[in-house]
Amino acid sequence: RFLMVADLGIDQIKVYRFDHKDGKIALVDTIRCELESAPKYFMFSSDGRFFYVLYEMKNVIEVYSYKEGERVPIVEKIQTISSTGSKPNQLTAACAMHFSPDEKHVFCSNAGDNTVSMYDRDDETGMLTLRFCLPISGDYPKDIAIFPDGKHLAVVNHESNSITTFAIDYEKKLIVMKGKPMKVETPNCILMTNIEVE
């Protein structure tokens, strides 16, 4: 019934009601974010109870609870956590964020300091706990993808023209580089999917 749009330029998340009959949308609410925070990307948990907003300039992830109201959704901010684990430098920009396949973890990439962070995610509360923030052997990690097995990570490095891959060690809180970087010209985005072969 609702459509949410992250407007990075004016630091807002706009909420629209979607009319399935005529295909039209109408603005019904606005979530105002901190000035110059640049909300870039958000994603919902599969149960629809929480959504996670990544801020490019503020370099944080904010966690919101979500309930479907009658006229507008009912949202409440419940957590703000750093995308880097420490104070980022002025050139750092949070770039991408994704769940692990089981949604027990959240990963995000940070350009500038060229790192990937991993968080444990509590299914009941939606809250995140930072487990590591580690370098990715590339420059400007614009996007990341978690392999369907949940045990490997691919990082798209825009400025170093490469894709680097890592094994994820959840117990030791590490990522370990696997093989040499793949050369790709100025990559921006990566999507990983299962392909069934007959």
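Scanning all chains against the criterion turns up ten salt bridges. In this structure, the salt-bridge partner of Arg131 is Asp120, at a minimum N-O distance of 2.5 Å. Taken together, the positions of Arg131 in strand 11 (residues 128-135) and Asp120 in strand 10 (residues 115-121) put the pair eleven residues apart, joining distant regions of the chain. Looking at Arg131, the relative accessible area reads 34%, which means it is partly exposed. A relative accessible area of 23% means that Asp120 is categorised as partly exposed. The closest approach of N and O atoms between Arg121 and Asp123, which form a salt bridge, is 3.2 Å.

Before going further, it helps to spend a moment on unusual backbone geometry. With a phi angle near 55°, Asn161 is a residue other than glycine that sits in the positive phi range. For Asn161, the position within the fold is in the loop between strand 13 (152-157) and strand 14 (162-169). The backbone of Thr186 sits at a positive phi, close to 35°, despite the residue not being glycine. Considering the arrangement of structural elements, one finds Thr186 in the segment after strand 16 (182-183).

What counts and what doesn't
Residues numbered from 1 in each chain as written. Predicted model: local features only at pLDDT ≥ 70, side-chain atom pairs only at ≥ 80, totals over all residues. Heavy atoms only, no water. Salt bridge = Lys/Arg side-chain N within 4 Å of Asp/Glu carboxyl O. Helix = DSSP H or I, 4+ residues; strand = E, 2+ residues; numbered from the N terminus. Buried < 20%, exposed > 50% of the residue type's maximum accessible area, 1.4 Å probe, protein only.

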